[in-house]
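# Breakdown of the fold
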Amino acid sequence: MNYDQIFDAAIDRLHSEGRYRVFIDILRNKGAYPNARCFAGHNGPKPITVWCSNDYLAMGQHPKVIAAMEEALHDVGAGSGGTRNIGGNTHYHIQLEEELADLHGKQGALLFTSGYVSNDATLSTLAKILPGCVIFSDELNHASMIAGIRNSGAEKKVFRHNDVEHLEELLKETDPNVPKLVAFESVYSMDGDIAPIHEICDLAEKYNALTYIDEVHAVGMYGQRGGGITDRDNAAHRIDIIEGTLGKAFGVMGGYIAADKRIVDVIRSYAPGFIFTTSLSPVLVAGVLASVRHLKASSVERDGQQAAAAGLKAMMREAGLPVMNSTTHIVPLMVGDPVKAKKISDILLAEYGVYVQPINFPTVPRGTERLRFTPGPQHTEAMMRDLTSALVEIWDRLELKLAA
């Protein structure tokens, strides 16, 4: 058995398909987002502009967040001390869970080390607790949700993306006496579209199913207090479990669920992904706590981000670039070929100092490869015009199709 040959063949397949992933070497400039320094392939750091960060509101650079983390570091030190059930349960963790529960109008919340872990741990545990549970999953759900559903061992029924008629067909054909869980997202980050939340809740109530929504790309971004699409659309009270991240709009790291105390207690008591891992550093939790509190009271960052996204979409459309029909802050630009998507990304970085990663399979289906831009409140109109001009030049150079 030649193990090296097997590993080499696996990597060669990715190269041949044009989807081998390269992670560039950068450092962000504190207080100057979206400016950063790129160290890869240069004689010293090269200044670049970041266009693909999920730090949507630049809260990872906010003075309140930085100050809170520095204060916590000097107050309690770096690490948490262990798992929550042994030595890693701090006052910061408890305060943040209270803030997150309040953000979503729920009785309780539970922190995890990432959004991926919160989805995987909660979905897999919940379905194991519910005997004979059937999970109804949107076909475009995130990989972490798919992993959690798979790890639960429960029966899974996949409904077409945002198709409530298909969801009802699947619910109708399922034994009414078995537990049911409908799992979906609010904002789908690759297309930038939004789920029909109230319609899905109507079906869940009709067929006695629990609801689980991933608000990862919406928390902090939408609603009067940043509670997400369920906050904006007055739907949070209709959702049984709301899952979110602390590493995108809130700008730091971690994941969580918010639900009634009974569900939170079950996941806290049974989920291996919660029980057997070191808890988040209190330094990180302190930063998130400051971020959540700030965004509950301030819409300045949300308004600036929405204006930037709308502005960039308008510029791209005016230039004839194939920007997809996103209804959210996500600005996806269709390429349709993995090799060309990587080529565009490479040219932007090398020649224009623009950093945006290509999005390839399995993140998106083959043939729908794209560049995904996430303009934030600190991206200026001049930056957007420079970016659009660069893309037009590259599109012409590579003889790519413009929008019809």
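Residues numbered from 1 in each chain as written. Predicted model: local features only at pLDDT ≥ 70, side-chain atom pairs only at ≥ 80, totals over all residues. Heavy atoms only, no water.

In terms of residue burial, strand S10 (residues 210-214) counts as a mostly covered element, since four of its five residues are buried. Bridging between strand S7 (residues 180-185) and S10 involves five bridges; their strand directions are parallel. Looking at S10, one finds that Phe-184 is bridged to Ile-213. The sheet contact formed by S10 and strand S11 (residues 241-245) spans three bridges and is parallel. Of the residues in S11, the one forming a bridge with Asp-214 is Glu-243. (Buried < 20%, exposed > 50% of the residue type's maximum accessible area, 1.4 Å probe, protein only. Helix = DSSP H or I, 4+ residues; strand = E, 2+ residues; numbered from the N terminus. Pairing = 2+ DSSP bridges.)

Time to look at the nonpolar core. In this structure, Leu-96, Leu-100, Phe-184, Ile-197 and Leu-246 are the most contacted members of the largest nonpolar core, which totals 58 residues. Each of domain 1 (25-60 + 299-398) and domain 2 (64-297) accounts for three or more of the residues forming this core. The contacts of Leu-96, once residues within four sequence positions are left out, are Leu-111, Leu-246, Val-285, Val-288, Leu-289 and Val-292. Listed in part, the 34 residues of the second largest apolar core include Trp-51, Leu-349, Tyr-355 and Phe-373. (Core = buried A, V, L, I, M, F, W, Y, C linked by side-chain atoms within 4.5 Å. Domains from an automatic or database assignment. Contact = heavy atoms within 4.5 Å.)

Overall, mixed pairing links the four strands, which are arranged S1-S2-S3-S14 in an open sheet. In the strand order of this sheet, the two ends are held by strand S1 (26-28) and strand S14 (354-355), each with one partner. In terms of strand pairing, strand S2 (residues 35-38) meets strand S3 (residues 46-50) through four bridges, oriented antiparallel. Each bridged residue has a counterpart across the sheet, and for Ala-36 the counterpart in S3 is Ile-48.

Considered domain by domain, the chain is made up of domain 1 (25-60 + 299-398) and domain 2 (64-297). Computed over C-alpha atoms only, the centres of domain 1 and domain 2 are separated by 28 Å. Residue-level contacts link 24 residues of domain 1 with 26 residues of domain 2. Both faces considered, domain 1 and domain 2 share a buried interface measuring about 2000 Å² in area, 56% of it formed by carbon and sulfur atoms. (Buried area = accessible area lost by both parts, 1.4 Å probe.)

Once that is clear, we can look at the pattern of salt bridges. Applying the stated criterion across every chain yields a total of 20 salt bridges. Of the charged contacts in the structure, one is a salt bridge between Asp-102 and Lys-296, with a shortest N-O distance of 2.8 Å. With Asp-102 in helix H3 (residues 91-104) and Lys-296 in helix H11 (residues 282-297), this pair connects stretches of sequence that are 194 residues apart. Residue Asp-102 is classed as partly exposed on the basis of its relative accessible area of 40%. A salt bridge links Asp-233 to Arg-232; its shortest N-O distance comes to 2.8 Å. Arg-232 sits in the partly exposed class, given a relative accessible area of 43%. Overlapping salt bridges, with partners in common, bring together Glu-99, Asp-102, Arg-225, Arg-293 and Lys-296 in one network. (Salt bridge = Lys/Arg side-chain N within 4 Å of Asp/Glu carboxyl O.)

Residues lying three or four places apart along an α-helix face the same way, a consequence of the helix completing one turn every 3.6 residues. With 17 residues, helix H14 (residues 381-397) extends 24 Å between its outermost C-alpha atoms, agreeing within 8% with the 24 Å of an ideal straight helix rising 1.5 Å per residue. Along H14, the residues classified as buried are Met-383, Met-384, Leu-387, Thr-388, Ala-390, Leu-391, Ile-394 and Trp-395. The arc enclosing the buried residues of H14, seen along the axis, measures out at 165°, which places them on a common side. Among the exposed residues of H14, those oriented more than 90 degrees off its buried face are Asp-386 and Asp-396. (Expected span 1.5 Å × (residues − 1). Arc of directions from axis to C-beta.)

All right, on to a nonpolar patch on the surface then. Together, Met-1, Tyr-3, Ile-6 and Phe-7 give the surface a local cluster of nonpolar side chains, amounting to about 530 Å² of exposed area. In this fold, Phe-7 is placed in helix H1 (residues 3-16). (Patch = residues over 30% accessible without salt bridge, like charges linked within 9 Å, V, L, I, M, F, W, Y side chains within 5 Å. Areas by Shrake-Rupley, 256 points an atom, 1.4 Å probe, with all protein chains shown as cover.)

Here the focus is helix H5 (residues 143-152). Buried residues of H5: Ser-144, Met-145, Ala-147, Gly-148, Ile-149 and Ser-152, and no others. Buried residues in H5 make contact with helix H4 (115-129), strand S5 (134-138), strand S6 (155-159), S7 and S10. The positive-phi residue at the C-terminal boundary of H5 is Gly-153, with phi of around 75°.

Below, the discussion takes up the side chain of Arg-302. Looking at the secondary structure, you find Arg-302 in helix H12 (residues 300-318). Polar side-chain contacts of Arg-302 include one of 3.0 Å to the backbone oxygen of Ser-298. With residues near it in sequence (within four places) discarded, Arg-302 still touches Leu-57, Gly-220, Met-221, Tyr-222, Gly-223, Gln-224, Arg-225, Gly-226 and Leu-295. (Polar contact = N/O pair within 3.5 Å; in protein donor to acceptor, adjacent residues only side chain to side chain.)

Turning our eyes to something else, we now look at the pairing of S6. Pairing of S5 with S6 involves five bridges; the strand directions are parallel. Of the residues in S6, the one forming a bridge with Phe-136 is Lys-157. For the crossover that starts at S5, traverses H5 and ends in the parallel S6, the hand is right-handed. (Right-handed = clockwise from strand over helix to strand, strands pointing away.)

For the rest of this paragraph, the subject is the packing of aromatic side chains. A full pass over the atoms with the stated rule returns one aromatic pair. For the pair Phe-112 and Phe-274, a centre-to-centre distance of 5.9 Å together with 75° between the ring planes defines the contact as edge-to-face. With Phe-112 in strand S4 (residues 108-112) and Phe-274 in helix H10 (residues 272-275), this residue pair connects regions lying 162 residues apart in the sequence. On the accessibility criterion, Phe-274 (9% relative accessible area) is buried. If you follow Arg-366 out to its NZ or CZ, it ends over the ring of Phe-361, 3.9 Å from the centre. (Phe/Tyr/Trp six-rings, centres within 6.5 Å; stacked < 30°, edge-to-face > 60°. Lys NZ or Arg CZ within 6 Å of the ring centre and 35° of its normal.)

Before going further, it helps to examine the sheet that holds S6. Here we have seven strands laid out as an open sheet, ordered S4-S12-S11-S10-S7-S5-S6, and mixed in their pairing. What marks the edges here is a single partner per strand, and that holds for S4 and S6. The mean angle between the axes of side-by-side strands here comes to 20°, regardless of whether they run parallel or antiparallel. Examined bridge by bridge, S4 and strand S12 (residues 255-259) share five bridges and lie antiparallel to one another. For Leu-111, the partnering residue across the bridge sits in S12 and is Tyr-256. Most of the contacts of helix H6 (residues 164-172) go to S6, to which it runs at about 150°, and overall it touches S5, S6 and S7. Contacts from helix H9 (residues 261-270) reach S4, S11 and S12, with the element oriented near 25° to S4. (Axes fitted to C-alpha atoms, helices over the stretch in contact; angles between N-to-C directions.)

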